[in-house]
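Below, each chain spelled out in residue letters.
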Amino acid sequence: MQQKLERQEVIRLLRDEDETILYKRADKIRHENVGDEVHLRGLIEFSNICRNNCMYCGIRKDNALLKRYRMSEEELVDTARKAAEMGFKTIVMQSGEDMWFSQERMCKIIEQIKKFDVAITLSIGERSYEDYKAFREAGADRYLMRIETTDKDLYHKLDPNMSWQHRHECLLMIKELGYELGSGIMVGLPGQTIESIADDLIYLQDIGIDMAGIGPFIPHAQTPLKDAAGGTLELGLRTMAVMRIMMPDINIPATTAMESLHPQGRIRALQCGANVVMPNVTEGEYRRLYELYPGKICVDDTPTQCKSCIGMKIMSIGRTVGLSYGGHNGRLPQKAKS
Ligand code: SAH
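Now for a look at the structure at hand. (Residues numbered from 1 in each chain as written. Predicted model: local features only at pLDDT ≥ 70, side-chain atom pairs only at ≥ 80, totals over all residues. Heavy atoms only, no water.)

Looking now at the pairing of strand E4 (residues 119-123). With five of five residues buried, E4 lies mostly within the body of the structure. Along E4, one buried face is formed by Ala119, Thr121 and Ser123 and the opposite face, lined by Ile120 and Leu122, is buried too. With five bridges joining them, strand E3 (residues 90-95) and E4 adopt parallel strand pairing. Pairing of glutamine 94 across the sheet is with serine 123, part of E4. One crossover worth recording links E3 to the parallel E4 by way of helix H4 (residues 103-114), and it is right-handed. In the sheet, E4 pairs with strand E5 (residues 142-144) via two bridges, with the strands oriented parallel. Paired with leucine 122 across the two strands is tyrosine 143, which belongs to E5. (Buried < 20%, exposed > 50% of the residue type's maximum accessible area, 1.4 Å probe, protein only. Helix = DSSP H or I, 4+ residues; strand = E, 2+ residues; numbered from the N terminus. Pairing = 2+ DSSP bridges. Right-handed = clockwise from strand over helix to strand, strands pointing away.)

Encoded structure:
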């Protein structure tokens, strides 16, 4: 279901709409279309090794000061097992573009984790069609990859040696293979305009995403963008609220970057359009080392602490924790055909 808006209206909502009116409208649409349940996804950050050099990202290849890590297959499967035992119905596996995780290795991992009766989301960047197909057949249900921005010049400045067109084509392949498709953008990137954010939202609507996250950009000291201004929570929330108005029934996460900018960031997000939270279930030192941006929350917490903390916050605003897989339209995509 989509609410088509004129580009001028999207821009007006983003720039000029009264904040209280905008947030109330998004919250009402969220309530009417996806209800009061908040779906939790257990997020495992399993490798901070990356072949790319995105100018904004703390785990970019050229950040020589960062200590790198990679979970073993056993560690990854074990972390997922514990998250499933804690009650998570979705496991999100995220990493840099670390090609040590070959098609074969990833498929083995997916097959083992699938036995824990969970939905699996992969967030491991750009891969070949054959890889995406094999992961889907091995049991992956969803794929999450942000387009970051639809301003192609900006994209090519920020993601050197990468191609916007290729990333876009990857998203189309993922959709064609029957995954639930997650994407999203950052807001507050240097040189990004409100008009370009409006185009981003129209793009997400046009490709028919099932889930999308909005993350304020937070400058990282060990990247070329260290002196940039960065995004604000307000711009993140406004963008998210407009997205909810345009896409009434998709899944929208309250993002970790929002909470990193403000202690109530995720709760505020849940009250202006969001219906998903992705608590971190990564263990030990790895949490700190998966440093996309500084000030990341919960780096000293355990998975159990994160789950109960967010559970209490959700209940404190009169919402409930979802107990289902929490897919778009309440179901998981059909099993892949081989
Ligand atoms: N390799 C995977 C995962 C990338 S990290 C992929 O390509 O999809 C996950 C997301 O973190 C990125 O898509 C980007 O939107 C966000 N991110 C990276 N650096 C950031 C920063 N400095 N501030 C805010 N968000 C950032």
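After that view of the structure, there is still more to cover.
At their nearest, the axes of H4 and helix H5 (residues 129-138) sit 8 Å apart, and the two run at 20 degrees to each other. One finds that H4 runs roughly parallel with respect to H5. Two packed elements cross with a definite hand, and for H4 against H5 that hand is right-handed. Contacts between H4 and H5 involve Gln103, Met106, Cys107, Ile110, Glu111 and Lys114 on the former and, on the latter, Glu130, Asp131, Ala134, Phe135 and Ala138. Of the residues in the contact of H4 with H5, the class split is six nonpolar, one polar and four charged. (Axes fitted to C-alpha atoms, helices over the stretch in contact; angles between N-to-C directions. Parallel < 35°, antiparallel > 145°, perpendicular 65-115°, else oblique. Left-handed = near helix turned anticlockwise from the far one by under 90°. Contact = heavy atoms within 4.5 Å. Nonpolar A, V, L, I, M, F, W, Y, C, P; charged D, E, K, R; others polar.)

Quick look at the pattern of salt bridges now. Scanning the entire structure with this criterion turns up 29 salt bridges. Salt-bridge contacts for arginine 127 lead to aspartate 131; the nearest nitrogen and oxygen are separated by 3.0 Å. Here arginine 288 and aspartate 300 are joined by a salt bridge, their closest N and O atoms 2.5 Å apart. Here arginine 288 is found in helix H12 (residues 286-289), whereas its partner aspartate 300 is found in the loop between H12 and helix H13 (303-316), with 12 residues between them in sequence. (Salt bridge = Lys/Arg side-chain N within 4 Å of Asp/Glu carboxyl O.)

Close to the ligand lie 17 residues, the nearest being Tyr56, Ser95, Arg146, Glu148 and Ile218. Contact distances for the ligand include 3.0 Å between a nitrogen atom and a backbone N or O atom of serine 95. The separation between an oxygen atom of the ligand and a polar side-chain atom of arginine 146 is 2.9 Å. Considering the ligand on its own, with 560 Å² of exposed area, one finds that the protein chains cover 92% of that surface. Across the shell around the ligand, the residue classes tally to 10 nonpolar, four polar and three charged. (Near = heavy atom within 4 Å. Polar contact = N/O pair within 3.5 Å; in protein donor to acceptor, adjacent residues only side chain to side chain. Areas by Shrake-Rupley, 256 points an atom, 1.4 Å probe, with all protein chains shown as cover.)

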